[in-house]
Amino acid sequence: MAIIVLAGGQSRRMGQDKALLPLAGRPMLAWVVRRLGAAGLPVLVVTRPGREQELQEHILLWLEADRPQTAVPAGGVGVAVRVVADRFSGRGPLGGIHAGLEAAGDGFHLVAACDQPLLTGQLARFLLERAWQSQRAGQGIVDAVVVRSGGRVEVLPAVLHHRCAQTAERLLARTVRPSLRDLLGALRQVCVEAWELEPMGKPELLLWNVNRPEDVAVALRHLGDTRPGHS
């Protein structure tokens, strides 16, 4: 299992690179990597080609800067992070999902966006465990686990099996910019209702996206004084 974080978008509504958007002294991507990394799983960050080394170096510096304030095993930053590039560059988040799943290998993986700083490692583990439980419960082959809120499926975060990379590649081959809903519509899904997340926090906050400048204040207010390693 792995955590896949999509960080290759153009952030048109924000007007700047959301991955590097500063939140309480850290780029938003650093918060997402650290908080989801608290699940104890390797993290794959997917970005556009040519940016891998720069982003890898930045991430390691951010995590090392957090070391004195967080419980980290001696000799490391506590989160195993690797940066990979889209093969279908400029084709939207589906290209990033394809690259992440291909790099992650067989099994179920949690996919999230770099603009979801209130996600937690606890939530990642919960969704991944639901995927394995559903598979073992005789429900047939499960491709994806998604969250449903108010009758609407949230596209991210989602748990996707490695085999979904093949479906993503087929969509990318025949459509200029397929959406995540196009992918989910082609998969065998298990839905988790938003109310099931309540023991971990308010679902609407756990799933919060920073899309516009006015959303930053919400993220800051609810991150509060928590450390990037908070799970």
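None of the values given here were measured: they were computed from a predicted structure.

*Asks:* Before we go on, may I ask you to explain the overall build of the protein chain in this structure?
*Replies:* Across its full length, the protein chain holds 8 helices and 9 strands. Per-residue burial for the protein chain yields a buried fraction of 52% across its 231 residues. Look at the contacts in the protein chain between residues 6 or more apart in sequence, and 76% of them connect residues 24 or more apart.

*Asks:* How should I be thinking about the packing of aromatic side chains in this particular structure?
*Replies:* The description of an aromatic ring pair rests on the distance of the ring centres and on the angle between the ring planes. Under the definition given, this model contains 1 aromatic pair. Note on Phe-108 and Trp-132: the rings are 4.9 Å apart at their centroids and 90 degrees apart in plane angle, and the pair reads as edge-to-face. Taken together, the residues Phe-108 in strand S6 (residues 108-113) and Trp-132 in helix H4 (residues 121-136) connect sequence positions 24 residues apart. A residue is classified by how much of its surface remains accessible, and Phe-108, at 0% relative accessible area, is buried. For Trp-132, a relative accessible area of 31% gives the class partly exposed.

*Asks:* Is there a simple way to explain the sheet that holds strand S4 (residues 43-47) in this structure?
*Replies:* Strand pairing in a sheet is mediated by backbone hydrogen bonds. Such pairs are either parallel or antiparallel. Strand order in this open sheet of 7 strands is S5-S4-S1-S6-S8-S7-S9, and the pairing throughout is mixed. Among the strands making up the open sheet, the edge pair consists of strand S5 (81-85) and strand S9 (189-193). Adjacent strand axes in the sheet meet at a mean angle of 30 degrees, parallel and antiparallel pairs treated alike. Pairing geometry for strand S1 (residues 3-6) and S4, over 4 bridges, is parallel. Residue pairing across strands places Ile-4 opposite Leu-44, the latter belonging to S4.

*Asks:* It is not clear to me how the side chain of Arg-91 should be interpreted in this structure. Could you clarify?
*Replies:* Residue placement: Arg-91 occurs in the loop between S5 and helix H3 (93-104). The side chain of Arg-91 is buried and forms no salt bridge, while Asp-86, the nearest opposite charge, is found at 9.7 Å. Among the polar contacts made by the side chain of Arg-91, one reaches the main-chain carbonyl oxygen of Val-176 at a distance of 2.4 Å.

*Asks:* Honestly, the packing of helix H1 (residues 28-37) against helix H2 (residues 52-66) in this entry has me stumped. Any pointers?
*Replies:* Helix packing geometry: the angle between the two helix axes and the distance between the axes. Running from N to C, H1 and H2 point in directions that differ by 65 degrees, and their axes come no closer than 10 Å. Classified by the angle their axes make, H1 and H2 are roughly perpendicular. For H1 against H2, the interelement crossing comes out right-handed. Residues Leu-29, Ala-30, Val-33 and Arg-34 of H1 form the contact with H2, whose participating residues are Leu-55, Ile-59, Trp-62, Leu-63 and Asp-66. Partitioning the contact of H1 with H2 into residue classes produces 7 nonpolar, no polar and 2 charged.

*Asks:* Help me understand the nonpolar core, please; the structure alone is not making it clear to me.
*Replies:* In globular proteins that are soluble, nonpolar side chains generally tend to be buried together. Ranked by size, the top nonpolar core spans 41 residues in total, and within it Val-5, Leu-29, Leu-36, Val-45, Ile-59 and Leu-110 carry the most contacts. If we skip the residues at most four places from it in the chain, Leu-36 touches Ile-3, Val-5, Leu-110, Ala-112, Leu-119, Thr-120, Gly-121 and Ala-124. One finds Leu-6, Val-46, Ala-165 and Leu-183 within the second-largest nonpolar core, a separate group that totals 27 residues.

*Asks:* What is the right way to read the pairing of strand S7 (residues 144-149) from this model?
*Replies:* Both faces of the sheet carry side chains from a regular strand, because those side chains alternate between them. Two elements, S7 and strand S8 (residues 152-161), share 6 bridges in a ladder whose sense is antiparallel. Paired with Arg-148 across the strands is Val-153, a residue of S8. The hairpin turn running from S7 into S8, its antiparallel successor, is 2 residues long, and Gly-150 in that turn takes a positive phi close to 60 degrees. Across 5 bridges, S7 lies against S9 in parallel orientation. Bridge pairing in S9 places Arg-148 opposite Glu-193.

About the cut-offs
- Residues numbered from 1 in each chain as written.
- Predicted model: local features only at pLDDT ≥ 70, side-chain atom pairs only at ≥ 80, totals over all residues.
- Heavy atoms only, no water.
- Helix = DSSP H or I, 4+ residues; strand = E, 2+ residues; numbered from the N terminus.
- Buried < 20%, exposed > 50% of the residue type's maximum accessible area, 1.4 Å probe, protein only.
- Contact = heavy atoms within 4.5 Å.
- Phe/Tyr/Trp six-rings, centres within 6.5 Å; stacked < 30°, edge-to-face > 60°.
- Pairing = 2+ DSSP bridges.
- Axes fitted to C-alpha atoms, helices over the stretch in contact; angles between N-to-C directions.
- Lys, Arg positive; Asp, Glu negative; His and termini not counted.
- Salt bridge = Lys/Arg side-chain N within 4 Å of Asp/Glu carboxyl O.
- Polar contact = N/O pair within 3.5 Å; in protein donor to acceptor, adjacent residues only side chain to side chain.
- Parallel < 35°, antiparallel > 145°, perpendicular 65-115°, else oblique.
- Left-handed = near helix turned anticlockwise from the far one by under 90°.
- Nonpolar A, V, L, I, M, F, W, Y, C, P; charged D, E, K, R; others polar.
- Core = buried A, V, L, I, M, F, W, Y, C linked by side-chain atoms within 4.5 Å.

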